[in-house]
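# Residue-level structure breakdown
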Amino acid sequence: MVRERGEGRADYSANVLPALHVPDEDGGLRLDQEISRLCPRHSRSRLQRWIREGRVRVDGGVVREPKHRLSGGERIEIDEGPDERAVTSCPEPIALDFVHEDEAILVIDKPAGLVVHPGSGHWSGTLQNALLHHDPALEKLPRAGIVHRLDKDTSGLMVVARTLEAQTDLVRQLQARTVRRCYYALARGVIERGGTVDAPIGRHPTQRTKMAVTGKGRPARTHYRVLERFIDCTLVECALETGRTHQIRVHLASIGHPLAGDPVYGGGIGRAPSGPAFPRQALHSRRLELTHPASGEVMSWRSELPRDMDELIAAVRAGGNRDENRDGGLEPAFSDTPGEEDDDDFE
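Residues numbered from 1 in each chain as written. Predicted model: local features only at pLDDT ≥ 70, side-chain atom pairs only at ≥ 80, totals over all residues. Heavy atoms only, no water.

The next thing to look at is the overall build of the chain. Looking only at helices and strands, the chain features six helices and 16 strands. Each of the 347 residues in the chain was classed as buried or not, and the buried ones make up 53%. Here the chain displays about 15500 Å² of accessible surface, and carbon together with sulfur accounts for 47% of that area. (Helix = DSSP H or I, 4+ residues; strand = E, 2+ residues; numbered from the N terminus. Buried < 20%, exposed > 50% of the residue type's maximum accessible area, 1.4 Å probe, protein only. Areas by Shrake-Rupley, 256 points an atom, 1.4 Å probe, with all protein chains shown as cover.)

Moving on to helix α3 (residues 127–134). The buried fraction of α3 is high, at six of eight residues. Every buried residue of α3 is accounted for by L127, Q128, N129, A130, L131 and L132. In this structure, the buried residues of α3 make contact with β6 (105–110) and β7 (155–161). (Contact = heavy atoms within 4.5 Å.)

Take the sheet that holds strand β4 (residues 75–78) next. If you walk across this open sheet you meet the four strands as β1-β4-β2-β3, and the pairing is antiparallel. A single partner strand is all that each edge strand has here, and the edge strands are β1 (20–21) and β3 (61–62). Here β1 pairs with β4 via two bridges, running antiparallel. Each residue of the ladder has a partner; that of L20, found in β4, is I76. (Pairing = 2+ DSSP bridges.)

As a further point, take the confidence of the model for the chain. Put simply, the chain has an average pLDDT of 85, and 83% of its residues get 70 or more. In this model residues 1–16 is a low-confidence stretch, pLDDT under 50, and it forms 40 contacts with partners more than four residues away in sequence or in other chains. Every residue in residues 83–87 scores below 50 in pLDDT, and together they form 20 contacts with partners more than four places removed in sequence or on other chains. (pLDDT = per-residue confidence, 0-100.)

What follows covers the pattern of salt bridges. Should the charged atoms of two oppositely charged side chains come close, the side chains can pair. Taken as a whole and judged by the stated rule, the model has 20 salt bridges. A salt bridge links R44 to D32; the shortest N-O distance between them is 3.4 Å. Taken together, the positions of R44 in helix α2 (residues 44–52) and D32 in helix α1 (residues 31–38) put the pair 12 residues apart, joining distant regions of the chain. A salt bridge links E101 to R162, with the nearest nitrogen and oxygen atoms 3.2 Å apart. (Salt bridge = Lys/Arg side-chain N within 4 Å of Asp/Glu carboxyl O.)

This is the structure we're talking about:
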């Protein structure tokens, strides 16, 4: 249980949450609002989860409802618990391509085939294992500082936090949709012009390992524009407004243009030609822009296409273009001029 260190805003010198005292003037606020205010180092969604898990006591009693209304004057105790740390991961010497590194964040160019964090069937050999080897201090952070993820077979840019303050700030940027993420994707079939897919995504109603466009899902929006059209496929640039699991893959499949090589969402789409063969989904996290959580500076990075996807595009280009002109229907997500420039986001 958290030790008492005083009242009001928390002291984190021992990396332990103290007991909190609710000021009288905060009577009427929800429990999750109040502890988010008193514990700004943690994201509100993380604190809400702790409430539901029974880790929060109000005047000695467990309260599991984030919407619980406070009267003012209560004493709140919070048990962080060991499962918030990367205790299931062991450091492993896995090579990583660091695009940027400072005291607050790491930006990584993830290769295809690397699982982001341990889970069923992948308890080792993950990005999280590699991060703990690179910086053992990340063991103190939830998910070793990972704030968003890419699918195993999606390549490209990811940001990782190195401090709890940076992690919470990045999570809030993701929630506010101010982190700009741009992907290159090779879609099956010929897409005539760019557009936006605004359709909620949730768990597939019958195939629980898949996601789907469903009315019961969470809001999801993907902007796309055509970069180059080929005989039976189209190179598109996708900009994420939200970060749902498999978002680009699900959204493009929903309009009849699944990604080339996608083993999960590539079947059963009658409107889309077969497209070129590829051993993974042809998707690359190309560009990333965010506000640095420590300096406040807007920073951006760009990743070149990996060799396999570059060779795939060269091969289909050699087979013939239908139209080499870029689509003018949408503004690009980023400018190619330096200085002018996602999968379900974590909490």
